[in-house]
Amino acid sequence: MTGLAVAPSLVVNGRPATLRPDRARRLSEALREDLGLTGTKTGCDAGDCGACTVLLDGAPVCACLTPVGRAEGRAVTTVEGPGLAGLRASFLRHGAAQCGICTPGMLMAAAALLAEVPRPEAAAVRAALGGVLCRCTGYGPIVAAVVDAWREAPPAPGPAAGAAVGAAVARVDGVPRLTGAALYGADLWKPGGVVLKAVRSPHPRAAFAFGDLAGWAAARANVACVLTADDIPGENRFGAIPAYADQPALAEREVRHRGEAVALVAFEDDGSPASLAGFPVAWTPLPAILDPAAAASAPPLHPRRPANLLVEGRVRRGDAAAALAVAAHAAAGAMRTGFVEHAPIEPEAGAAWMEGAVLVIRATTQAPVMDRDETARILALSREQVRIIPSAVGGGFGTKLDVSLQPLLGLAVLKLDRPARMTFTRRESMQATTKRHPAAMTARIGCDASGRLAALEFDGQFDTGAYASWGPTVANRVPVHATGPYRIPAVAARARAVHTNNPVAGAFRGFGVPQATLLLETLIDRLAAAAGIDRLAFRRLNALAPGDATATGQLPGAVGIGACLAALQPRWDRAQAEAAAVRAAAGPGLLRGVGVAACWYGCGNTALPNPSTVRIGLTHAGAIVLHQGATEIGQGSDTVIAQIAADALGVPLAALALVGPDTALTPDAGKTSASRQTFVTGRAALAAARALRAAVLRLANAGEGATLLPGADGLRVAEDGRVALLDLAGLQPDAAGYALSATETYDPPTAALDADGQGAPYAVYGWGAQIAEVAVDAALGTVRVLRVTAAHDVGRAINPALARGQIEGGIAQGLGLALMEEYLPGRTENLHDYLIPTTDDMPEVEAILVEVPDPEGPMGAKGLGEHALIPTAPAILNAIRDATGATLAEVPVLPHRLRAAIRAAGGGR
Amino acid sequence: MSGYVRPASLTEALGLLARGPHVLLAGGTDLYPATEGPRLDGAVIDLSGLPELAGIAAGPRGGLVIGACTSWAAIAAAGLPAACDGLRAAAAVVGGRQIQNAGTIGGNLCNASPAADGVPPLLTLAAEVVLAGPRGSRRLPLEAFLAGPRLTRRAPDEILTAVHLPAAALAGRGVFLKLGARAHLVISIVMVAARLAFAGGRVAAAALAVGACSPVARRLPAVEAALVGALPEEAAGRVDRAAVTAALAPLDDVRASAAYRAEAAGELVARAVAGLARAEAGR
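Residues numbered from 1 in each chain as written. Chains lettered and ligands numbered in written order. Predicted model: local features only at pLDDT ≥ 70, side-chain atom pairs only at ≥ 80, totals over all residues. Heavy atoms only, no water.

**A short note on the overall build of chain B**
Here's step 1: Counting secondary structure elements, chain B contains 11 helices and 14 strands.
Here's step 2: For 283 residues, the compact-globule formula gives about 19 Å, and the C-alpha radius of gyration of chain B, at 19 Å, lands near that figure.
Here's step 3: With the principal axes as the frame, chain B shows a C-alpha extent of 60 × 45 × 30 Å.
Here's step 4: Relative to its full complement of 283 residues, chain B shows a buried share of 56%. (Helix = DSSP H or I, 4+ residues; strand = E, 2+ residues; numbered from the N terminus. Rg over C-alpha atoms; globule rule 2.2 N^0.38 Å. Buried < 20%, exposed > 50% of the residue type's maximum accessible area, 1.4 Å probe, protein only.)

**Some remarks on the overall build of chain A**
Here's step 1: When helices and strands are counted, chain A shows 21 helices and 31 strands.
Here's step 2: Here the C-alpha radius of gyration of chain A, 27 Å, is about what a compact globule of 909 residues would show, namely 29 Å.
Here's step 3: Along the first, second and third principal axes, the C-alpha atoms of chain A reach 80 × 80 × 60 Å.
Here's step 4: Residues classed as buried in chain A amount to 64% of the 909 residues present.
Here's step 5: Sequence-distant contacts, at least 24 apart, represent 78% of the contacts inside chain A between residues at least 6 apart.
Here's step 6: Counting every atom, chain A has about 28,900 Å² of accessible surface; 55% of that belongs to carbon and sulfur.
Here's step 7: One way to put it: in chain A the 80 positive side-chain charges average out to a point 3 Å from where the 83 negative ones average out. (Contact = heavy atoms within 4.5 Å. Areas by Shrake-Rupley, 256 points an atom, 1.4 Å probe, with all protein chains shown as cover. Lys, Arg positive; Asp, Glu negative; His and termini not counted. Charge placed at Lys NZ, Arg CZ, Asp CG, Glu CD.)

**Quick notes on the pairing of strand β10 (residues 261-268) of chain A**
The two faces of the sheet receive side chains in turn, since in a regular strand these alternate between them.
Residue and element names in this part refer to chain A.
Here's step 1: Within β10, 7 of the 8 residues are buried, leaving the element largely enclosed by the surrounding structure.
Here's step 2: Pairing of strand β6 (residues 194-200) with β10 involves 7 bridges; the strand directions are antiparallel. Bridging across to β10, L196 finds its partner in A266.
Here's step 3: Pairing between strand β8 (residues 223-228) and β10: 5 bridges, direction antiparallel. Looking across to β10, one finds that L227 is bridged to L264. (Pairing = 2+ DSSP bridges.)

**Points about the side chain of R372 of chain A**
Here's step 1: Assignment of secondary structure puts R372 of chain A in helix α10 (residues 368-379).
Here's step 2: Ignoring sequence-local partners within four residues, the contact set of R372 of chain A consists of R383, V386, I388 and T663 of chain A.

**Things to note about the sheet that holds strand β3 (residues 44-46) of chain B**
Residue and element names in this part refer to chain B.
Here's step 1: The 3 strands lie next to each other as β1-β3-β2, forming an open sheet whose pairing is parallel. The open sheet has two edge strands with one neighbour each: β1 (4-5) and β2 (23-25).
Here's step 2: Bridge count between β1 and β3: 2 bridges; the pairing is parallel. Of the residues in β3, the one forming a bridge with Y4 is V44.

Shown next as structure tokens:
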């Protein structure tokens, strides 16, 4: 038996280390807290995500499941350790780290494999990495990076001045994500503060009353204070859309969804147990609305929302009912979707402290300026008194657009005048934050005898849960997109966001459009069959073309759907032939099918202001500084915005020093949502860079054709063979403190929608289409997606590698939506009951970048982040129907559901 | 404070256990997920340092003894007879590599999940567990040890030390089929283990077990009996799917419906038998 009073010693990354003498502690905790090795991430504390993978005597284990006592006297290797240079370089080369939160786990699992098999096959890599979840990449680039890790490739030279746009440059923020140096929400805190834990409702709706809070706190030496709604100094309401703000930071008197916080306990941050056991709160469960269909007749959750209707969005053009009555062919159907959890591998986490009179909150977020404004209002502070510094963000996908722990951190810091930190458990993260809206939709669609679409009726009910969040956005965005990228002269589409006592549904990659597209695209397959037309041909026949108006009466600037569908034609022909050959060769049982689906998606807010501002400064020493407030959540905005700025300024990408985001240092570049950063912030960066270039050339008295030559000793301007060092030392600092700077704002031109949804809701649209090829095991109802071919019109691929990364990652989430993801409150509040795709669930992906430049986009670029997810699930459902004849009206298509649908289609045994 | 001890011998561990109730910690892959805190609270005995519980060895009269703290990774990598192919296949799908390196066969059995991957193949191997306690050591058939979901016949002062596989059950070849809604890290909807031994070109012994379709995984004696005497090409056709269903008691849960489980179990049993028969025919 080991001497237990002695501090356990072990060897970490080749060096002796000593841990606190608590051997039942998770090794992950000890590495992070005792040794400061925060490169080891904790995503679930349950062995479900693998982010905390370390090597114990060379074998990969989850540090969260390893008692410190078991590591005693042994060798532990973490992501900060030696021997990973080749893997890291390969990861960087292949764009294998997006948000980077799973990267340490991936690297360690890969290192263990490579120690045994230096040049593994892809299948062996997928098996070895099967225990680490990634939510961003779709795994393809990671597997490729491990397969390729043996190769010694010299680092690629950076692009020359003016050649950054269009180059697949490695992420500018890539290296820290590969060394463990990037600091995420849970990785940086001030010592001597408090750790916060929230007390949350176990009921979907309940009244509550506190007992003796002071007595409970006083009886616990490590409780610094208990905070409730009564302690909130400002307006206890937040909400992404100010007019609908309705969500309390801490509930008052009644909770409206399971997981809603009612109190906050601040524990001393000294390693003592932070237990909420016995917390004095009494719950009185109240009748809850769990079925959105029952919401209309139930008492309203919010006083000014009768029938629990939050918002109804409508688009009406022509007479759809009349056109359907005379349509040569028609198809009608229904589709249901469930709650989908974003499942970023990083749960909500952050820290806060005072700097003078300013409350600093450093947390994981997608929307720092909104966080600042909402936190300030809740805490009765001015905006100037709150500074939001986004941490490195370990995945968001929409869930980190709403404030979560920011006001709670701020409240504790103000109350105690001490630093605070907070990290949600996985369960808390799943219970308390937003979800994709469950939808119950019906539609009818018709075409004429030649297959030309004539009319669409669409009706969708979206369960928006207990609070508004982004429900209005979903209700307004869905009808606009209900037609898909097709020319349909008569349209009647409506979507209602309805309150229930279910989880708050908010923003999730696509804002309702993926759900609506599932119904539309599966109906189009049935309509094409009725019309006797090949499914891809039917879509090409009806695709919007330049000059065609959308259902809102808008003429989009650059229509790329035709080009996307055309790019798929040879792949479609090949896939059809292959499936036919397999069907001919194989016996019954294992079925092959091919499906296609398309998408369009408007970039930015729906018919609302949506500006971004970017500043670029030239220091007196001649350094160029890009103040870029767009929050990098793994999608690549740090790199893409810098590429645009570098080319517009006419300097090499490497010459830019990057600052931000940070509400004290960067102008407002809006939120990272709605596929808007490349487009909107890109345009602002373009304008700022051009303005600074003009100012520099004026100062140098040089013409537009002059070349800027940044160097260590200053900025030179070359023209006609003459090179002059710019004399900046004598310039008065401008308002931003620079020798020269430019600050420019771009706001996309949109026009409000009228009562019939007519108008120009978006300035730029992106387009795409995907083919899915599947194998179905008919007797078991299981589906293997073999290949997805994705053609996306990005206008201009600013960074083709990052664009492909978005496509592969979107496909992974679309596959999850189609086949496995379903959040059930109280039942799937972890990452082993809530399933997201693993390495071997992913198909082979071919991404085709189509470039139809948009006159409004920076260098022609359009958004892409959300588009890539939208066609995947309907393409898979269409492929399953092609294989089996089964009509599916609900996702996820779990095996038992598919088996039942196959039986209903007459394919049962 | 800690309450954690990691004894170096079984005697020491049993002595500690005799003094009062302890949580027995093996791989930790179930105990740590069950807490949300940074540590395991209470009195914990970590069994991972006991040499008596480690490794795979030949047992008496031709059987095998698998130490309770043998990891799934060690089982997957072990040179075992073909009868254990199902056990090895199960070992390779218990979570990911990380879980397989930590999780143990004894922990899997003591956790007694209805969806424990290790149980169906061990049932087809007629496994017995060895329990050591202050009254000495006793053996129980695995069926008897597993009393229900999360419930075993281990007394609070006993430690499961080993799993015995008798020689008679090491004949033939085994297989394990796991059905879940994703590829890795998945809790089974249905799993099936099968072992067939052939003699004279016919099935001489059949062992079939289904997991995740009843409170405890079950053998299928009636279905097994119908297979004895079958030629390889007849074997799968003799699987009585109705008898498979009749032997089970599946539930509806987030992963699947009961009706689906019952049907899929029959399909998987037939496939498992067909696969083993094909392997025999191809020898």
